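Architecture at a glance
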Amino acid sequence: MSTPENIHTEFHRMLGRDAKEAQLKQRGHVFWFYGLSGSGKSTLANALERKLAEQGFITKILDGDNIRSGLNSDLGFSDADRQENIRRIAEVTRLFLDAGIVVFTSFITPKRELRAAAREIVGVDDITPVYVEASFETCAERDVKGLYAKAAAGGVKNFTGKDSSFEAPVAGDPDWTITTDNQTEEESLNQLLEKVLPLIKNS
């Protein structure tokens, strides 16, 4: 996307990301949690943030429902609105990344093309997609927000996994997979910590 006429960016005069990371004594990185509603995305992101905070890391969680209650409150769940939702949050994520912060996002992000768009905006070397895998049946049993019951009754349109498809990663994708169907939250968290820490420690 080209820069609009009469827009003169100031990025070149600002304190750079390297300086921010040196100040924070960490490396900024984006961990893009995605999966069905109720799979455990937000639960794991919150638990991981607390563990990292204990070790002195500066982090930020960007949660789908929180963002849709404010910044993206004008968007629905059509394909076009989902695309704009991801575009906006990827741009916001990049701002936090430029400040040297470790970012966790929690968005369903059901299509591969949406995840590819987020990687392009953030930068492929700075983002790790994390697929929080749980079956539709498991998520429906949990139904932590009551959405599955509403969807079954026809009260939620374009519900992912029911009316709107979800595309899991395929062989060759760079995504991590954390399966919450058959392991505890603590097991999932420990699995994540082993992978996350090497990427954010300032060597």
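Scoring rules and cut-offs
- Residues numbered from 1 in each chain as written.
- Predicted model: local features only at pLDDT ≥ 70, side-chain atom pairs only at ≥ 80, totals over all residues.
- Heavy atoms only, no water.
- UniProt positions renumbered as here; feature names shortened; annotations may be inferred.
- Pairing = 2+ DSSP bridges.
- Helix = DSSP H or I, 4+ residues; strand = E, 2+ residues; numbered from the N terminus.
- Axes fitted to C-alpha atoms, helices over the stretch in contact; angles between N-to-C directions.
- Contact = heavy atoms within 4.5 Å.
- Core = buried A, V, L, I, M, F, W, Y, C linked by side-chain atoms within 4.5 Å.
- Buried < 20%, exposed > 50% of the residue type's maximum accessible area, 1.4 Å probe, protein only.
- Phe/Tyr/Trp six-rings, centres within 6.5 Å; stacked < 30°, edge-to-face > 60°.
- Polar contact = N/O pair within 3.5 Å; in protein donor to acceptor, adjacent residues only side chain to side chain.
- Parallel < 35°, antiparallel > 145°, perpendicular 65-115°, else oblique.
- Left-handed = near helix turned anticlockwise from the far one by under 90°.
- Nonpolar A, V, L, I, M, F, W, Y, C, P; charged D, E, K, R; others polar.

Per an unreviewed UniProt entry, the chain carries the name Adenylyl-sulfate kinase and comes from Coraliomargarita algicola. Comment text from UniProt for the chain, heading Pathway (unreviewed entry), reads "Sulfur metabolism; hydrogen sulfide biosynthesis; sulfite from sulfate: step 2/3." The annotation that UniProt attaches to the chain under Catalytic activity (unreviewed entry) is "adenosine 5'-phosphosulfate + ATP = 3'-phosphoadenylyl sulfate + ADP + H(+)".

**Regarding the sheet that holds strand β4 (residues 127-133)**
The strand order across the open sheet built from five strands is β2-β3-β1-β4-β5, with neighbouring strands paired in parallel fashion. Bordering the open sheet on either side are β2 (59-63) and β5 (176-179), each of which pairs with just one other strand. Adjacent strand axes in the sheet meet at a mean angle of 20 degrees when their direction is disregarded. Along the sheet, helix α2 (residues 41-54) contacts β1 (29-34), β2, β3 (102-106), β4 and β5; its crossing angle with β2, the most-contacted strand, is approximately 170 degrees.

**Section: the nonpolar core**
Core analysis: the largest hydrophobic core is formed by 22 residues, its most contacted members being Val30, Trp32, Ile86, Ile89 and Phe107. When residues of this core are traced back to their parent elements, those giving at least two are β1, α4 (79-98), α5 (112-122) and β4. Contacts of valine 30, omitting those with residues within four sequence positions, involve Thr93, Leu97, Val103, Thr105, Val122, Asp126, Ile127 and Thr128. Listed in part, the 21 residues of the second largest apolar core include Phe31, Phe57, Phe104 and Trp176.

**Looking at the packing of aromatic side chains**
Overall, the coordinates contain seven aromatic pairs when judged by the stated rule. With a centroid separation of 6.1 Å and 70 degrees between ring planes, the pair formed by phenylalanine 33 and phenylalanine 104 is classed as edge-to-face. On the criterion of sequence distance, the pair formed by phenylalanine 33 in strand β1 and phenylalanine 104 in strand β3 is long-range, its members being 71 residues apart. Ring geometry for tyrosine 131 against phenylalanine 166: centres 5.7 Å apart, planes inclined by 25 degrees, an arrangement best described as stacked. Of the two residues, tyrosine 131 is situated in strand β4 and phenylalanine 166 in the loop between α7 (147-152) and β5; the sequence distance between them amounts to 35 residues.

**Some details on the UniProt feature "binding site: ATP" (unreviewed entry) in the chain**
With numbering matched to this structure, UniProt assigns "binding site: ATP" (unreviewed entry) to Gly35, Leu36, Ser37, Gly38, Ser39, Gly40, Lys41 and Ser42. Under the relative-accessibility criterion, leucine 36 is labelled buried at 9%. Exposure remark for serine 39: the relative accessible area of 0% places this residue in the buried category. Dropping the residues within four chain positions of it, serine 39 is found in contact with Val132, Ala134, Cys139, Arg142 and Thr180. Polar contacts involving the side chain of serine 39 include one to the main-chain carbonyl oxygen of leucine 36, which spans 2.8 Å.

**Observations regarding the pairing of β4**
Buried residues dominate β4, accounting for six of its seven residues. Pairing geometry for β1 and β4, over five bridges, is parallel. Bridge pairing in β4 places phenylalanine 31 opposite threonine 128. Relative to β5, β4 is paired through four bridges, and the arrangement is parallel. In the strand pairing of β5, tyrosine 131 is matched with threonine 177.

**A few points about unusual backbone geometry**
Its identity is not glycine, yet lysine 25 carries a phi of approximately 60 degrees, on the positive side. In this model, threonine 109 sits at a positive phi of 40 degrees, which is unusual for a non-glycine residue. In this fold, threonine 109 is placed in the loop between β3 and α5. The class for threonine 109 is buried, based on a relative accessible area of 2%.

**Notes on the packing of α2 against helix α8 (residues 185-200)**
Running from N to C, α2 and α8 point in directions that differ by 55 degrees, and their axes come no closer than 10 Å. By the angle between their directions, the pair α2 and α8 is classed as oblique. Here α2 and α8 pass one another in a crossing that is right-handed. Touching Thr43, Leu44, Ala47, Leu48, Lys51 and Leu52 of α2 are Glu185, Ser188, Leu189, Leu192, Leu193, Val196, Leu197 and Ile200, all from α8. Among the residues making up the contact of α2 with α8, the classes are represented as 10 nonpolar, two polar and two charged.

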